[in-house]
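Listed here are the chains, written in short residue letters.
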There are 2 protein chains.
Amino acid sequence: MESLFQEVQVEKVSDKIVDQLCRLIQEGKLTPGHRLPGERKLIEMLGVGRSSLREALNKLETLGYIEIRKRKGIFVRSIDSTLQLDPLKKLIQEDQHKVVQLYEVRSDIEQASAFAAASAHTAADLETIRNHLNRFTEPSGALTFSWQHDLDFHCAIARASHNLFRVHATIGILDFAREFIQPILEGFALSATHSATIVEQHRAIYTAIAARDGAAAREEMKIHLDWTNQKLVEHLN
Amino acid sequence: MESLFQEVQVEKVSDKIVDQLCRLIQEGKLTPGHRLPGERKLIEMLGVGRSSLREALNKLETLGYIEIRKRKGIFVRSIDSTLQLDPLKKLIQEDQHKVVQLYEVRSDIEQASAFAAASAHTAADLETIRNHLNRFTEPSGALTFSWQHDLDFHCAIARASHNLFRVHATIGILDFAREFIQPILEGFALSATHSATIVEQHRAIYTAIAARDGAAAREEMKIHLDWTNQKLVEHLN
DNA sequence: CCAAATAACTGGTCAGACCATACTATACGA
DNA sequence: TCGTATAGTATGGTCTGACCAGTTATTTGG
């Protein structure tokens, strides 16, 4: 009568951790480039021993979900294998102007994000986007721009479109472009006028999405990314 | 003069163990079903700590080389057991309906391809597209559909948009989706009416691009992919 | 000679310690 | 006041030792 019984559940602690983090990454709660707390922090947050934690992290790294950098930290990776960007990295290093082409594709996808988000978003999605938007403005009224804030904002929109692949494609591209773009972008965004323009464009996108006006959302996203791309070109020349 | 030096090799102990055992398995020194010595034996045989050993074993298990059975031992696995490691593929395997989301992103990009190709294409690009289009029609007038022909046609358009990343993304997505989609698509495309519809839609896209009408090209591409996606949904339900 | 009790062994987990390096903040000097 | 040097902290990598809960092999008692 052994068929009556199922094998005793002896799921390893590390497997539970793997499951938990996997889900967080797949759902987009943990976005690529995001840095996880250190191992010592994690073990007390999760209430497990360091061996189990390390076993889980090791597995996640082997599976490609995270990247563990010695003495640097634990980072979430983009799981978008469909874009296979790595081989193209050298291409950009040889000719920086090629990032413009990459940003074109980004624009393709993000315009679709904005359009879809306008009709697919929930109240919670909208709040998340608004929160990211507000982070650009400090209580004093001063504007702060950072790559991470920008990325979070755009990802929130992709997430609001409720298409997992769009989220990962977006993050994948931005994460890939980070090393080329971040210094440039944060450089000229220091200018108050540029910062103001960006925030203004972001707000326009948000407003269109909130109004569930897909066409306008797409158009505002296009305006924003065309402008950014234009600034990029100017900087490269 | 730092270029004189290369970064210090800090290969992890566990990685060395992985390499060693990998080689033994690949060379056939360790055959499937073979039971390895216990962890305590292995650490003194290899002269490493248990953490490192376990880290290595864990990785080997994730990679599919060995199987660790609690309180039973460590066993070499047969390598032919198909192991799916790609996180995104796992996602789709859990829920096939997610391919629809993937195709949505494909549509985003390919609409942009069509639009851009309309204005950016050269005479040579156009000829290539036309050639791929004609391959659907046999000299006898009969229609043949194959995944490869379809892929070639769509890639030719992406290439005509003169954006390397777009080409790469398109191929990446289609190649990734192939194993899920190909059987389905080639299945219903056997129907003469479906084949005819597809070829007709392809021709419409081509015509719009040739006429350098970007808006029309985008619209025809959208019609085509929406239709395909619709058929996909119908098949999955 | 067989069955029951026991010892040895298994992988899983936790804890604590140490290492080498990277980052940060503080203090000191110009 | 600014910039640099230094000390302190945080990081992942490794090792050791211990305990647990089952499994397997061995020994012991009938």
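That block above? That's the structure.
(A) Focus on the overall build of chain A. Along its length, chain A carries 10 helices and 3 strands. Each helix and strand of chain A, placed in order from N terminus to C terminus, yields the pattern α-β-α-α-β-β-α-α-α-α-α-α-α. Per-residue burial for chain A yields a buried fraction of 50% across its 237 residues. Across chain A, contacts joining residues at least 24 apart in sequence account for 74% of those joining residues at least 6 apart. For chain A, the exposed area adds up to about 11,600 Å²; of that, 52% sits on carbon and sulfur atoms.

(B) Structural view of the protein's contact with DNA strand D. Of all residues adjacent to DNA strand D, which total 23 residues, the nearest are Arg40(A), Arg54(A), Val13(B), Ser51(B) and Ser52(B). Per the 4 Å cut-off to the protein, sugar and phosphate atoms form 66% of the nearby atoms of DNA strand D. A distance of 3.0 Å separates a base nitrogen of DNA strand D from a polar side-chain atom of Arg50(A). Residue Ser51(B) places a side-chain N or O atom 3.2 Å away from a base nitrogen belonging to DNA strand D. No other element matches the 4 residues that helix 3 (residues 50-63) of chain B contributes to the surface near DNA strand D.

(C) Just the pairing of strand 3 (residues 73-76) of chain A, in detail. Residue and element names in this part refer to chain A. Neither face of strand 3 is exposed, since Gly73 and Phe75 on one face and Ile74 and Val76 on the opposite face are all buried. Bridge count between strand 1 (residues 35-36) and strand 3: 2 bridges; the pairing is antiparallel. Residue pairing for strand 3: arginine 35 is matched across the bridge by phenylalanine 75. One ladder, built from 4 bridges, connects strand 2 (residues 66-69) with strand 3; its direction is antiparallel. What sits directly across from isoleucine 66, in strand 3, is valine 76.

(D) The protein's contact with DNA strand C, seen in detail. If you check the shell around DNA strand C, you find 22 residues, and the closest are Val13(A), Gly49(A), Ser51(A), Ser52(A) and Arg40(B). Backbone sugar and phosphate groups make up 66% of those atoms of DNA strand C lying within 4 Å of the protein. Arg50(A) places a side-chain nitrogen or oxygen 3.2 Å from a base nitrogen of DNA strand C. At 3.3 Å from a sugar or linking oxygen of DNA strand C is found a main-chain nitrogen or oxygen belonging to Arg71(B). For the surface near DNA strand C, the secondary-structure elements that each account for two or more residues are helix 3 (50-63) of chain A together with helix 2 (39-46), helix 3, strand 2 (66-69) and strand 3 (73-76) of chain B. For the surface near DNA strand C, the element with the highest residue contribution is helix 3 of chain A, accounting for 3 residues. A breakdown of the residues in the surface near DNA strand C according to their chemical character gives 4 nonpolar, 5 polar and 13 charged.

(E) Quick look at the interface of chain A and chain B. In this complex, chain A contributes 35 residues to the contact, which on the side of chain B involves 35 residues. At the boundary of chain A with chain B, the tally comes to 6 salt bridges. Notably, a salt bridge pairs Glu104(A) with Arg166(B), separated by 3.2 Å at the nearest N-O pair. The interface formed by chain A and chain B contains 12 residue pairs in polar contact (both at pLDDT 80 or more). Its residues assigned to classes, the side of chain A that touches chain B shows 15 nonpolar, 9 polar and 11 charged.

(F) Layout of the nonpolar core. Counting residues in hydrophobic clusters, the biggest one holds 115 residues, and the most contacted among them are Tyr65(A), Val99(A), Ile157(A), Ile181(A), Val99(B), Ile157(B) and Ile181(B). Ranked by residue count, the leading element in this core is helix 8 (residues 164-188) of chain A, at 13 residues. Filtering out sequence-adjacent residues up to four positions away, Ile181(B) remains in contact with Val99(B), Tyr103(B), Trp147(B) and Leu232(B). Judged by nonpolar contacts, the second largest core, of 17 residues, contains Leu42(B), Val48(B), Leu57(B) and Tyr65(B).

(G) Highlighting the side chain of His121(A). Residues and elements named next belong to chain A. Secondary-structure assignment places histidine 121 in the loop between helix 5 (99-120) and helix 6 (123-134). The buried category is assigned to histidine 121, whose relative accessible area is 6%. Other than its neighbours up to four places away in sequence, histidine 121 contacts Leu126, Ala160, Ile209, Ala210 and Arg212.

(H) Spatial organisation of the sheet that holds strand 1 (residues 35-36) of chain B. Residues and elements named next belong to chain B. Ordered in space as 1-3-2, the 3 strands form an open sheet in which the pairing is antiparallel. The open sheet terminates on both sides in strands that have one partner only, identified here as strand 1 and strand 2. In the packing of helix 3 onto the sheet, the strands contacted are strand 2 and strand 3, and the crossing angle to strand 2 comes to about 115°.

Procedures and definitions
- Residues numbered from 1 in each chain as written.
- Chains lettered and ligands numbered in written order.
- Predicted model: local features only at pLDDT ≥ 70, side-chain atom pairs only at ≥ 80, totals over all residues.
- Heavy atoms only, no water.
- Helix = DSSP H or I, 4+ residues; strand = E, 2+ residues; numbered from the N terminus.
- Buried < 20%, exposed > 50% of the residue type's maximum accessible area, 1.4 Å probe, protein only.
- Contact = heavy atoms within 4.5 Å.
- Areas by Shrake-Rupley, 256 points an atom, 1.4 Å probe, with all protein chains shown as cover.
- Near = heavy atom within 4 Å.
- Polar contact = N/O pair within 3.5 Å; in protein donor to acceptor, adjacent residues only side chain to side chain.
- Pairing = 2+ DSSP bridges.
- Nonpolar A, V, L, I, M, F, W, Y, C, P; charged D, E, K, R; others polar.
- Salt bridge = Lys/Arg side-chain N within 4 Å of Asp/Glu carboxyl O.
- Core = buried A, V, L, I, M, F, W, Y, C linked by side-chain atoms within 4.5 Å.
- Axes fitted to C-alpha atoms, helices over the stretch in contact; angles between N-to-C directions.

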